[in-house]
Amino acid sequence: MTEDPFVAHRSLLFTVAYEMLGSAADAEDVLQESWLRWADVDRAQVRDPRAYLVRLVTRQALNRLRTLSRRREEYVGEWLPEPLLTSPDVAEDVELAESVSIAMLTVLETLGPTERAVFVLREVFEMPYGDIAEATGKPAATVRQIARRAREHVAARRPRVRVSRSEQQAVVERFLLALRTGRLQELMEVMAPDVVLITDGGGIVTAALAPIHGADVVAEILARANRVVTDLETTAVWLNGEPAGRIDMDGEPAAVSLVVDGGRVTRIYVVRNPRKLTRLEEPAELRR
């Protein structure tokens, strides 16, 4: 028996759904819904199973995204994407790694549902405009216009500088060491003066309800964390295709992703919501 196309392309389909939703849990739900619909399809009428399945998953993800947008308006504090443990291999595909980074997924959150779908399918997965039109229910000419607007929107908000893997890793390790020791001066030195700290606790655990700006304030907050917990451990890990960190504070985990520019940290994303930290033990399979 040949392997079912859905199973063969599952990693790709998960990646599509995850990039559209920023949530592994919701992406898995979309795949389950898509599988049920795929089971009723007459396979003999499907010329290109991969393209067909991507369109199917896109439609389901769009439906879910429109529902989630209302839920996220009621979210307590800042909403950040769900971090995924990944293997270093993901970084070999530079475009894929950038597209699933926490920084990029946060930018994609500022797009409307259709804009996000068009951007992901065109810029990340290089789908033809005709296929995207079929997946989104928009005319091809409209899809081209949406793609152009989405590219401009993302370009204006994405990190300006793409650093090497070695530089990212070195800065992450410096940051984690400074955090573990709680040394204020070392924290100040590894961060840019205009650094921004964004934390996501989901109203479940303590987290800032709005972004915190400035190295002085951010360093003091991070150094204080070292003083108020009995046991603080930091581990360098790969999250969403790039070097990042895991922090365990008295047994409670948090995921930390950094944006680096000029050898210093310009943006810090900290996910503490326990519902978003279920994917830190086993690497996710991401594929284009």
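Residues numbered from 1 in each chain as written. Predicted model: local features only at pLDDT ≥ 70, side-chain atom pairs only at ≥ 80, totals over all residues. Heavy atoms only, no water.

Visitor: What should I look at first to understand a nonpolar patch on the surface in this one?
Guide: Together, V7, W35 and L36 line one region of the surface with nonpolar side chains, adding up to about 270 Å² of accessible area. Relative to the helices and strands, L36 resides in helix α3 (residues 24-39). (Patch = residues over 30% accessible without salt bridge, like charges linked within 9 Å, V, L, I, M, F, W, Y side chains within 5 Å. Areas by Shrake-Rupley, 256 points an atom, 1.4 Å probe, with all protein chains shown as cover. Salt bridge = Lys/Arg side-chain N within 4 Å of Asp/Glu carboxyl O. Helix = DSSP H or I, 4+ residues; strand = E, 2+ residues; numbered from the N terminus.)

Visitor: How should the side chain of N273 be read in this particular structure?
Guide: Relative to the elements of secondary structure, N273 occurs in the segment after β6 (264-271). Assessed through its relative accessible area of 4%, N273 is described here as buried. A polar side-chain atom of N273 sits 3.0 Å from the main-chain amide nitrogen of R275. Contacts of N273, omitting those with residues within four sequence positions, involve Y75, D200, G201, G202, I204 and V205. (Buried < 20%, exposed > 50% of the residue type's maximum accessible area, 1.4 Å probe, protein only. Polar contact = N/O pair within 3.5 Å; in protein donor to acceptor, adjacent residues only side chain to side chain. Contact = heavy atoms within 4.5 Å.)

Visitor: Help me out: how do you make sense of helix α8 (residues 129-136) in this one?
Guide: Every α-helical turn comprises 3.6 residues, leaving residues that sit three or four positions apart pointing alike. Of the positions making up α8, those classed as buried are Y129, I132, A133, A135 and T136. End-on view of α8: buried residues confined to an arc of 165°, all on one side of the axis. The positive-phi residue at the C-terminal boundary of α8 is G137, with phi of around 75°. (Arc of directions from axis to C-beta.)

Visitor: What exactly am I supposed to notice about unusual backbone geometry here?
Guide: Apart from glycine, the bulk of residues carry a negative phi angle, and the bulk of peptide bonds sit in the trans form. The residue N240 is not glycine, and still its phi comes out positive at about 50°. Assignment of secondary structure puts N240 in the loop between β3 (232-239) and β4 (242-249).

Visitor: Looking at this model, I keep getting lost on the nonpolar core. Mind explaining?
Guide: As a rule of thumb, soluble globular proteins bury nonpolar side chains together. Membership of the largest hydrophobic core comes to 52 residues, with the highest contact counts inside it found for F14 and L108. If we ignore the near neighbours within four places in the chain, the residues touching F14 are A24, A27, E28, L31, L84, R279, E285 and L286. In terms of nonpolar packing, the next biggest core, distinct from the first, is built from 28 residues, L176, V195, I212 and L258 among them. (Core = buried A, V, L, I, M, F, W, Y, C linked by side-chain atoms within 4.5 Å.)

Honestly, that's just the spatial picture; any functional story needs more than this.
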